[in-house]
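Report on the structure
One letter stands for each residue in the lines below.
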Amino acid sequence: MKNGKHNLPEKPVLYIFSGLPGVGKSTLAKELSKKAEAVYLRIDTIEQGLRDICGIKVEGEGYRLAYRIAEDNIKTGQSVVADCVNPWKLTREEWKETAVSHNAAYINIEIVCMEKEEHKRRAENRVPEVKNLQLPSWDKIQHLKYEQWEDSVITVDTGGKTIKESLDELILKINKLTGETK
């Protein structure tokens, strides 16, 4: 451990998560935010808050608001973990621009579960952590438009692994990417 941050990068970093619902993305994003002592931003929470408080049909507003919140935290020297499906090149580019325009590093992270039956079981048995959030059905998850990454991305397959094993793999890959040693 170095400076209490478990050898994760010291300058502000925007950890940009992506992945289909039910793959373990939020679980890993929350755990990484603890290890990296980073601000945790969850798009589901922001979007549901906009629905509940403002009564609007949310489309891109949640992401746009999250970019602004991330910017505020990066400006104070805080790293940020952005927990979102992040399915399109457009949103990925906007996250990247959020980091670059404020002199922060960014790391693209994609969480997958290649074991289809395990992914289905997780998706069907999830309990919403965000008040009033309607979780997508397995059918909707399978038909969600999700573009392949074109940029460099760390990928972690959570299928058949514990949370600890998946987190350890993620941190190892982050350290390898940033040149940090354990």
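Up top is the structure.
None of the values given here were measured: they were computed from a predicted structure.

What follows is about helix α5 (residues 116-125). Listed in full, the buried residues belonging to α5 are Glu118, His119, Arg122 and Ala123. Down the axis of α5, the buried side of the element spans an arc of 130°, and every buried residue falls inside it. Opposite its buried face, α5 presents the exposed residues Lys116, Glu117 and Asn125, each directed more than 90 degrees away.

Across the sheet, which stays open at both edges, the five strands sit in the order β2-β3-β1-β4-β5 with parallel pairing between neighbours. Two strands bound the open sheet, and with one partner strand each, they are β2 (39-42) and β5 (154-157). Strand-to-strand twist of the sheet, defined as the mean angle between neighbouring strand axes without regard to direction, takes the value 20°. As paired elements, strand β1 (residues 13-18) and strand β4 (residues 105-112) share six bridges and run parallel to each other. In the sheet register, Ile16 faces β4, and the bridge partner there is Asn108. Against the sheet, helix α2 (residues 43-54) touches β2 and β3 (80-83), its axis set at about 55° to β2.

Our focus in this paragraph is unusual backbone geometry. The phi dihedral of Glu37 falls on the positive side, at around 50°, and the residue is not glycine. The residue Glu37 is located in the loop between α1 (25-36) and β2 in this model. Unusually for a residue other than glycine, Asn103 sits at a positive phi of about 55°. Tracing the chain through its elements places Asn103 in the loop between α4 (89-100) and β4.

Take empty space enclosed by the protein next. Inspection of the entire model under this criterion finds one cavity of 30 Å³ or more. Roughly 60 Å³ of internal volume is contained in the largest cavity. Lining the largest cavity are Lys89, Arg92, Glu93, Gln148, Trp149, Glu150 and Asp151. Classifying every residue of the lining of the largest cavity gives one nonpolar, one polar and five charged.

What follows covers the side chain of Thr98. By secondary structure assignment, the location of Thr98 is in helix α4. A polar side-chain atom of Thr98 sits 2.9 Å from the main-chain carbonyl oxygen of Glu94. When sequence neighbours within four positions are dropped, the list of residues in contact with Thr98 reads Leu14, Tyr67, Ala70, Glu71 and Ile74.

There is about 1200 Å³ of room inside the largest pocket. Around the largest pocket sit 44 residues that line it, and Pro21, Lys25, Asp44, Val85 and Pro136 are the ones nearest its centre. Only α1, α2, α3 (61-75), α4, α6 (138-142) and α7 (163-178) provide two or more residues apiece to the lining of the largest pocket. When grouped by side-chain class, the residues that make up the lining of the largest pocket number 20 nonpolar, 10 polar and 14 charged. The space that makes up the second largest pocket amounts to roughly 300 Å³. Taken together, 15 residues form the lining of the second largest pocket, with Leu20, Val112, Cys113, Met114 and His119 sitting closest to its centre. Of all the elements in the fold, those that place two or more residues in the lining of the second largest pocket are β4, α5 and α6. Residues of the lining of the second largest pocket, tallied by class, amount to nine nonpolar, four polar and two charged.

Following the criterion strictly, the structure yields 13 salt bridges and no others. Two residues, Lys30 and Glu129, come together in a salt bridge whose shortest N-O distance is 2.7 Å. Here the residue Lys30 occupies a position in helix α1, and Glu129 occupies one in the loop between α5 and α6, the gap between them amounting to 99 residues. The salt bridge partner of Glu59 is Lys57, with a shortest N-O separation of 3.7 Å. Here the salt bridges share partners, and the residues they tie into one network are Lys30, Arg42, Asp44 and Glu129.

What counts and what doesn't
Counting from 1, residues in each chain are numbered in the order their sequence is written. Per-residue local features of the predicted model are confined to residues with pLDDT of at least 70, and side-chain atom pairs are confined, for both listing and counting, to 80 or more; whole-chain, interface and lining totals are unaffected and use all residues. With hydrogens and water set aside, each side-chain value is computed from the structure's full complement of heavy atoms. Residue burial is assigned from relative accessible area. The probe radius is 1.4 Å, only protein chains are included, and a residue is buried under 20% of its type maximum, exposed over 50%, and partly exposed in between. By definition, any uninterrupted DSSP run of H or I lasting at least four residues is a helix, any uninterrupted run of E lasting at least two residues is a strand, and each is numbered from the N terminus. Within this analysis, the arc is defined by the directions that extend from the helix axis to the C-beta atoms. Any two strands with at least two DSSP bridges between them are considered paired. With axes taken as lines fitted to C-alpha atoms, and helix axes fitted only over the stretch in contact, angles between N-to-C directions fall between 0 and 180 degrees. Contact between two residues is taken to exist if any of their heavy atoms lie within 4.5 Å; hydrogens are not considered. Put plainly, a pocket is an open set of points on a 1 Å grid over the protein atoms alone with protein on both sides within 12 Å along at least five of seven lines, a cavity is a set where a 1.4 Å probe fits but cannot get out, and a lining residue has an atom within 4 Å of a point. Grid points are joined across faces, edges and corners, and a volume is the space filled by probe spheres set on the points. Classes in brief: Ala, Val, Leu, Ile, Met, Phe, Trp, Tyr, Cys and Pro nonpolar; Asp, Glu, Lys and Arg charged; the others, Gly included, polar. Here a polar contact is recorded for every N or O atom pair within 3.5 Å, except that within protein the pair must consist of a potential hydrogen donor and a potential acceptor, and residues adjacent in sequence are included only if both atoms are side-chain atoms. Put simply, a salt bridge is a Lys or Arg side-chain nitrogen that is within 4 Å of an Asp or Glu carboxyl oxygen.

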